[in-house]
Amino acid sequence: MTTINTKLINAQGLHARPATLFCKEAGQFQSDIKLICGDKEGNAKSLIALLAMGLTAGAELQVVAEGADEEAAAKHMADFIGSFQE
């Protein structure tokens, strides 16, 4: 299991458009990927799960990946969410 901490910098948070892009990026990996923010946890490949988390700008997140390509998956997804801006 690989865990990377990051911060959501998009001023509008993780609403439908960036969450959709995030899910598409996560879908490229074989590993199971999840986002954790405090007591909230969601499957990074599920748009509904991500939207239900209600993530806002500045949220401190953990990207957790487990599987064959976990290191690449965690790094890529943490970089994506830590740099995405609209």
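Quick look at the structure, then. (Residues numbered from 1 in each chain as written. Predicted model: local features only at pLDDT ≥ 70, side-chain atom pairs only at ≥ 80, totals over all residues. Heavy atoms only, no water.)

## Examining the overall build of the chain
Within the chain one finds three helices and four strands. The helix and strand sequence of the chain, counted from the amino end, reads β-α-β-β-α-β-α. Over its C-alpha atoms the chain spans a radius of gyration of 11 Å, differing by no more than 12% from the 12 Å that the globule rule assigns to 86 residues. Each of the 86 residues in the chain was classed as buried or not, and the buried ones make up 43%. Partitioning the intrachain contacts of the chain with sequence separation of at least 6 by distance along the chain shows that 71% fall at a separation of at least 24. Computed over 7 positive and 11 negative side-chain charges, the inter-centroid distance for the chain is 7 Å. (Helix = DSSP H or I, 4+ residues; strand = E, 2+ residues; numbered from the N terminus. Rg over C-alpha atoms; globule rule 2.2 N^0.38 Å. Buried < 20%, exposed > 50% of the residue type's maximum accessible area, 1.4 Å probe, protein only. Contact = heavy atoms within 4.5 Å. Lys, Arg positive; Asp, Glu negative; His and termini not counted. Charge placed at Lys NZ, Arg CZ, Asp CG, Glu CD.)

## Digging into helix 1 (residues 16-26)
The complete set of buried residues in helix 1 reads Pro18, Ala19, Phe22, Cys23, Glu25 and Ala26. For helix 1, the buried positions fall inside an angular range of 160° around the axis, keeping them on one side. The exposed residues of helix 1 that point more than 90 degrees off its buried face are Arg17 and Lys24. Looking at the packing, one finds that the buried side of helix 1 touches strand 2 (32-37), helix 2 (47-53) and helix 3 (70-83). (Arc of directions from axis to C-beta.)

## Things to note about the sheet that holds strand 3 (residues 40-43)
To summarise the sheet geometry, strands pair through backbone hydrogen bonds and adopt either a parallel or an antiparallel arrangement. Read across the open sheet, the four strands follow the order 1-4-2-3; overall the sheet is antiparallel. The open sheet is flanked by strand 1 (2-7) and strand 3, the only strands paired with a single partner. The average undirected angle you get between the axes of adjacent strands in this sheet is 25°. Pairing geometry for strand 2 and strand 3, over four bridges, is antiparallel. In the sheet register, Ile36 faces strand 3, and the bridge partner there is Glu41. Of the strands in this sheet, strand 1, strand 2 and strand 4 (60-66) touch helix 3, which is tilted by about 5° from strand 1. (Pairing = 2+ DSSP bridges. Axes fitted to C-alpha atoms, helices over the stretch in contact; angles between N-to-C directions.)

## What about the nonpolar core?
When a protein is soluble and globular, its nonpolar side chains tend to lie buried together. With 25 residues, the main nonpolar core has Leu14, Phe22, Ile33, Leu35, Leu50, Leu55 and Leu61 as its most contacted residues. Mapped by element, the contributors of at least two residues to this core are helix 1, strand 2, helix 2, strand 4 and helix 3. It is helix 3 that contributes the most residues to this core, six residues altogether. Those residues within four positions of Ile33 in sequence are excluded, and the remaining contacts are Ala26, Gly42, Asn43, Ala44, Lys45, Val63, Val64, Ala65, Ala73 and Met77. (Core = buried A, V, L, I, M, F, W, Y, C linked by side-chain atoms within 4.5 Å.)

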